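Below, each chain spelled out in residue letters.
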Amino acid sequence: MLPGLNMPATLSLRNVQKSFGDHKVLHIPDWHIGDGIYWIQGENGAGKSTLFRVIAGMLPFHGEIVLDGYSDLRKAPVEYRLRVCLGEAEPLYPAFLTPADLVGFTASARKSPPGQATALMEKLGITAYKNQPVGACSSGMLKKLSIALAFLGSPRLIILDEPLITIDREARDNLFDLIRDYREQSVTFLISSHQLFETGNIALTERYRLQNTNLVRVGNEK
Ligand SMILES: Nc1ncnc2c1ncn2[C@@H]1O[C@H](COP(=O)(O)OP(=O)(O)OP(=O)(O)O)[C@@H](O)[C@H]1O
């Protein structure tokens, strides 16, 4: 339960630890958030991408991660992953596939509602190059594709790792529209950005800083 609230946390991390060899990147004893938009800050190498990949179920870790008080990443990984989507900071896809291939595959795996994939490609300006192999796409084109993939299905939590890097102003405005639309359906967002995004008229719930392997609420730093 979230302190003071009679409902389970949207996301709970208990004693989450992640190391690469001897290098401990994460040690988060207890972190619980309700639904909202959370900005995760931290200097280069602090561990933001590692944290996001761990929460998205893409990296092995020690500890417990639970969504909505019942969906446990370790105990029911497939069910959990249907609800948690990650848009990677530097997406890499097989060069011979097209955006249409990747969107189609992901939409099917995530049981997307009819029309959602087409609408997302249109909204983010992907339709014009949807049949071009990703090996021939620019970094901004790939970034928009990774964002579209993160919004497919019926996620409860969308994690966007540096979503503003390389995308143009129109795509940025459309991304902010999408975030606002999904927030109306109580989707929670974890977003990292080295740039300010208050300009996008996004109502942030809280900011956290990843420092010394743990998450600290901004304003509470030691
Ligand atoms: N696959 C890996 N193998 C070994 N070390 C790794 C691996 N991935 C990340 N690291 C290390 O973990 C630490 C955290 O990296 P991470 O990419 O999570 O940081 P970040 O906060 O996202 O950084 P940035 O703001 O520069 O993107 C770094 O010291 C990095 O070198």
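Reference entry: report on the structure contained in this document. (Residues numbered from 1 in each chain as written. Predicted model: local features only at pLDDT ≥ 70, side-chain atom pairs only at ≥ 80, totals over all residues.)

### Quick word on the sheet that holds strand E4 (residues 62-67)
Pairing between the strands of a sheet is mediated by backbone hydrogen bonds and can be parallel or antiparallel.
Right, so step 1: Read across the open sheet, the 4 strands follow the order E2-E1-E4-E5; overall the sheet is antiparallel. The strands lining the two open edges of the sheet, one partner per strand, are strand E2 (23-33) and strand E5 (71-72).
Right, so step 2: Pairing geometry for strand E1 (residues 11-20) and E4, over 5 bridges, is antiparallel. Bridge pairing links Leu13 to Ile65 in E4.
Right, so step 3: Set on the sheet, helix H1 (residues 48-55) makes contact with E1, E2 and E4; between it and E2 the angle comes to about 60°. (Pairing = 2+ DSSP bridges. Helix = DSSP H or I, 4+ residues; strand = E, 2+ residues; numbered from the N terminus. Contact = placed C-beta atoms within 7 Å. Axes fitted to C-alpha atoms, helices over the stretch in contact; angles between N-to-C directions.)

### Digging into the site of the ligand
Right, so step 1: Neighbouring residues of the ligand: Phe20, Val25, Gly42, Asn44, Gly45, Ala46, Gly47, Lys48, Ser49, Thr50 and Ala89.
Right, so step 2: Top contributing element to the shell around the ligand by residue count: H1, with 3 residues.
Right, so step 3: In terms of residue class, the shell around the ligand is built from 4 nonpolar, 6 polar and 1 charged. (Near = placed C-beta within 6 Å. Nonpolar A, V, L, I, M, F, W, Y, C, P; charged D, E, K, R; others polar.)

### Re the sheet that holds strand E3 (residues 37-41)
Right, so step 1: Across the sheet, 6 strands lie side by side as E6-E7-E8-E3-E9-E10; this open sheet has mixed pairing. Each having just a single partner strand, strand E6 (84-87) and strand E10 (214-217) make up the two edges of the open sheet. Averaged over all pairs of adjacent strands, the angle between their axes in this sheet comes to 20°, without regard to strand direction.
Right, so step 2: In this structure, E3 lies alongside strand E8 (residues 188-192), joined through 4 bridges in parallel fashion. Bridging from a neighbouring strand, Ile37 pairs with Phe189 of E8.
Right, so step 3: The strands that H1 touches are E3, E6, strand E7 (157-161), E8 and strand E9 (206-211); relative to E7, the one it contacts most, it runs at about 155°.
Right, so step 4: Here helix H5 (residues 139-151) sits on the sheet and contacts E6 and E7; the angle it forms with E6, its principal contact strand, is near 175°.

### Concerning the pairing of E9
Right, so step 1: Pairing between E3 and E9: 4 bridges, direction parallel. The partner of Trp39 across the bridge, within E9, is Arg207.
Right, so step 2: By the bridge criterion, 4 bridges tie E9 to E10 in an arrangement that is antiparallel. Bridge pairing in E10 places Leu210 opposite Leu215.
Right, so step 3: The antiparallel hairpin formed by E9 and E10 contains 2 residues in its connecting segment, where Asn212 sits at a positive phi of about 50°.

### Comments concerning the environment of Gln116
Right, so step 1: Note that Gln116 resides in helix H4 (residues 116-123).
Right, so step 2: Residues Gln116 and Leu152, 36 residues apart in the sequence, show an inter-C-alpha distance of 7.1 Å.
Right, so step 3: The contact partners of Gln116, leaving out residues within four places of it in the chain, are Ala107 and Leu152.

### Examining unusual backbone geometry
Right, so step 1: Not every positive phi belongs to a glycine, and Asn212 is a case in point at roughly 50°.
Right, so step 2: Inspection of the secondary structure puts Asn212 in the loop between E9 and E10.
Right, so step 3: The backbone of Thr213 shows a phi angle near 75°, a positive value even though the residue is not glycine.
Right, so step 4: With 17 C-beta atoms counted inside 10 Å, the residue Thr213 sits in the partly exposed group. (Buried ≥ 20, exposed ≤ 12 C-beta atoms within 10 Å, placed from the backbone.)

### Some words on helix H3 (residues 99-109)
For an α-helix the count is 3.6 residues per turn, leaving residues at separations of three or four pointing the same way.
Right, so step 1: Looking only at H3, the buried set comprises Pro99, Leu102, Val103 and Ala107. One face of H3 carries all of its buried residues, which in axial projection span an arc of 125°. Summarising the geometry of H3, the exposed residues directed more than 90 degrees from the buried face are Ser108 and Ala109.
Right, so step 2: Buried positions along H3 lie against H4 and H5.
Right, so step 3: Positive phi appears at Lys111, one or two residues downstream of H3, with a value of about 55°. (Arc of directions from axis to C-beta.)

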